[in-house]
Amino acid sequence: MKHGALLRKISVVGVSAACCIALVGCGGTNYGYTGGVAATVNGAEIQEDTITKYIQDFRTSSDLTSDDDWGNWMKENSFDPATVRDQVIDYYVENELKKQACDEKGITVEQSQVDDEINNMKANYDSDDAWKQALSSAGLTEDQYRESVEAGLLDKALEDAVAGDAATADDSKVLEMLNTYYTMFNGAKKSSHILFASSDTEKAQEVLDQINAGTLDFAEAAKQYSTDTASAADGGNVGWDAINSFVTDYTDALDGLSVGQVSGLVTSDYGIHIIKCTDEFTCDGKATSLSAYPQEFVDYILNIVKDQNKSTAYSDWFNNYKTQADIQNNDMPENVPYNLDMTKYDNSDSSSDNSDDSNNGASADTNADASATEGSSESSNEQSSNSENSGQ
């Protein structure tokens, strides 16, 4: 069943991804609210109009405002109005349960934390106008985005509180994963670089010449000249390509280097690089000890296993918490604006098939006539012919 489209704005996402949530408000559009309570969670009410607004906002943002478009979309995704409503109610139920759990455990989020997350996201945009445009494109106000960020931080804090002890991994599991995914690491290369501004070709060439002549150590040159301050202090070290992302120009140049070799001047969107391959790793997936792998790979997989264990523990805890809750779903009102008689859409295929069958005879006759015409044409043509295509 394809439920992703409906739930794309309410699926569990990272805080920094909240801006990708689909429309949640449409400027006070009157959707024909019915009033009433859709569900209760340990006595806390979820209003029917909250569910209606969510569904109608989804229809608006997805161009499903006509009954036919809405009905066909539900049929294609194995939905009906009641199951759509159930899924949206479940989203709000889980949100309410998380709020209640945070209250029980005294978990709060400082507004300064929310501010930091928002400012980090804003830093990806050139101006306030660009930021506001990004929010508008996602159908969000800044207040709504702020609420999403706060909810995400609370969810993470709750996960830490109830499942933090599960964020562990034993060596055997880490080794098993390393051996299972060994092809990811086999042939990996570690590198360092010195980065210059795009306009600083002359200085870059001068430094490269000194490195090649042996009069300047690569790591010292990185500390002295590189504009990549994050790596310069470590002699230009940017780690292994298997667990880091580099731009294509960088990886292409690194691919051509053996351990100890230094590239020429490599230009990318970030400037001019001088690249040195500092290590290479090969494996066959049969290691019997973690020491067979570089520590960076061990740490990388270790963190993945820890996150998986923590996520599983949190999911198990929450499912149990939800099972123990008093959750009451009320019947769907008949007059909610997204309700449709799905019989028409359930039968649309068979109607289409019948229509196709009724046209088969006429189509066959037409094809026969066309064949006869083509045959006649080919005879005429025959008589006529007798007279005839890729850093960082």
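That block above? That's the structure.
Residues numbered from 1 in each chain as written. Predicted model: local features only at pLDDT ≥ 70, side-chain atom pairs only at ≥ 80, totals over all residues. Heavy atoms only, no water.

(A) Broad picture of the overall build of the protein. Within the protein one finds 16 helices and seven strands. Across the 392 residues in the protein, those meeting the buried criterion constitute 34%. (Helix = DSSP H or I, 4+ residues; strand = E, 2+ residues; numbered from the N terminus. Buried < 20%, exposed > 50% of the residue type's maximum accessible area, 1.4 Å probe, protein only.)

(B) Just the nonpolar core, in detail. Ile-51, Ile-55, Trp-70, Trp-73, Met-74 and Leu-97 are the most contacted members of the largest nonpolar core, which has 32 residues in total. Contributions of two or more residues to this core are made by β1 (37–41), α2 (48–61), α3 (67–76), α4 (81–105), α7 (142–163) and α14 (295–324). Among the elements that make up this core, the one with the highest residue count is α4 (seven residues). If we ignore the near neighbours within four places in the chain, the residues touching Ile-55 are Trp-70, Val-84, Arg-85, Val-88 and Tyr-338. Core analysis: the second largest hydrophobic core is formed by 18 residues, Leu-175, Ala-242, Phe-281 and Ile-301 among them. (Core = buried A, V, L, I, M, F, W, Y, C linked by side-chain atoms within 4.5 Å. Contact = heavy atoms within 4.5 Å.)

(C) Structural detail: unusual backbone geometry. The phi angle at Asp-63 is positive, at roughly 55°, despite the residue not being glycine. Among the structural elements, Asp-63 can be located in the loop between α2 and α3. The exposed category is assigned to Asp-63, whose relative accessible area is 61%. For Ser-78, which is not glycine, the phi torsion reads 60° and is therefore positive. Mapped onto the secondary structure, Ser-78 falls in the loop between α3 and α4. Look at Ser-78 and you get partly exposed, because its relative accessible area is 44%.

(D) Examining the pairing of strand β3 (residues 188–196) more closely. The buried fraction of β3 amounts to nine of the nine residues, a majority that puts the element mostly inside the structure. Taking every second residue as pointing to the same face, both faces of β3 are buried, with Ala-188, Lys-190, Ser-192, Ile-194 and Phe-196 on one and Lys-189, Ser-191, His-193 and Leu-195 on the other. In this structure, β3 lies alongside strand β6 (residues 271–281), joined through nine bridges in antiparallel fashion. Within β6, the position partnered with Lys-189 by the bridge is Glu-280. Pairing analysis gives three bridges linking β3 to strand β4 (residues 237–240), with the strands arranged antiparallel. Counted as the bridge partner of Ser-192 is Asn-237 from β4. (Pairing = 2+ DSSP bridges.)

(E) Main features of helix α5 (residues 111–122). A rise of 1.5 Å per residue sets the reference length of α5, with its twelve residues, at 16 Å; its end C-alpha atoms lie 16 Å apart and thus fit the reference within 8%. Among all positions in α5, only Val-114, Ile-118 and Met-121 are buried. Angularly, the buried residues of α5 cover 60° about the axis, an arc narrow enough to put them on a single face. In this structure, the buried residues of α5 make contact with α6 (128–137) and α7. (Expected span 1.5 Å × (residues − 1). Arc of directions from axis to C-beta.)

(F) View of the packing of aromatic side chains. All told, the structure shown has 17 aromatic pairs when counted by the stated rule. Between Trp-70 and Trp-73, the aromatic rings sit 5.6 Å apart at their centres with planes inclined by 5°, giving stacked as the arrangement. Of the two residues, Trp-70 and Trp-73 both sit in helix α3, three residues apart, roughly one turn of that helix. With 6.1 Å between their ring centres and 10° between their planes, Tyr-314 and Trp-317 make a pair best called stacked. (Phe/Tyr/Trp six-rings, centres within 6.5 Å; stacked < 30°, edge-to-face > 60°.)

(G) Looking closely at a nonpolar patch on the surface. A contiguous nonpolar patch, built from Tyr-181, Met-184 and Tyr-300 and spanning about 280 Å² of accessible area, is present on the exposed surface. Mapped onto the fold, Tyr-181 is located in the loop between α8 (171–180) and α9 (182–185). (Patch = residues over 30% accessible without salt bridge, like charges linked within 9 Å, V, L, I, M, F, W, Y side chains within 5 Å. Areas by Shrake-Rupley, 256 points an atom, 1.4 Å probe, with all protein chains shown as cover. Salt bridge = Lys/Arg side-chain N within 4 Å of Asp/Glu carboxyl O.)

(H) Layout of the pairing of β1. Burial analysis of β1 places four of its five residues in the buried class, the great majority of the element. Taken together, the four bridges between β1 and strand β2 (residues 44–47) define a ladder with antiparallel strand orientation. Bridge pairing links Val-41 to Ala-44 in β2. With three bridges joining them, β1 and strand β7 (residues 327–329) adopt antiparallel strand pairing. If you follow Thr-40 over to β7, its bridge partner there is Gln-328.

Without other data, these values stay purely geometric and don't point to any function.
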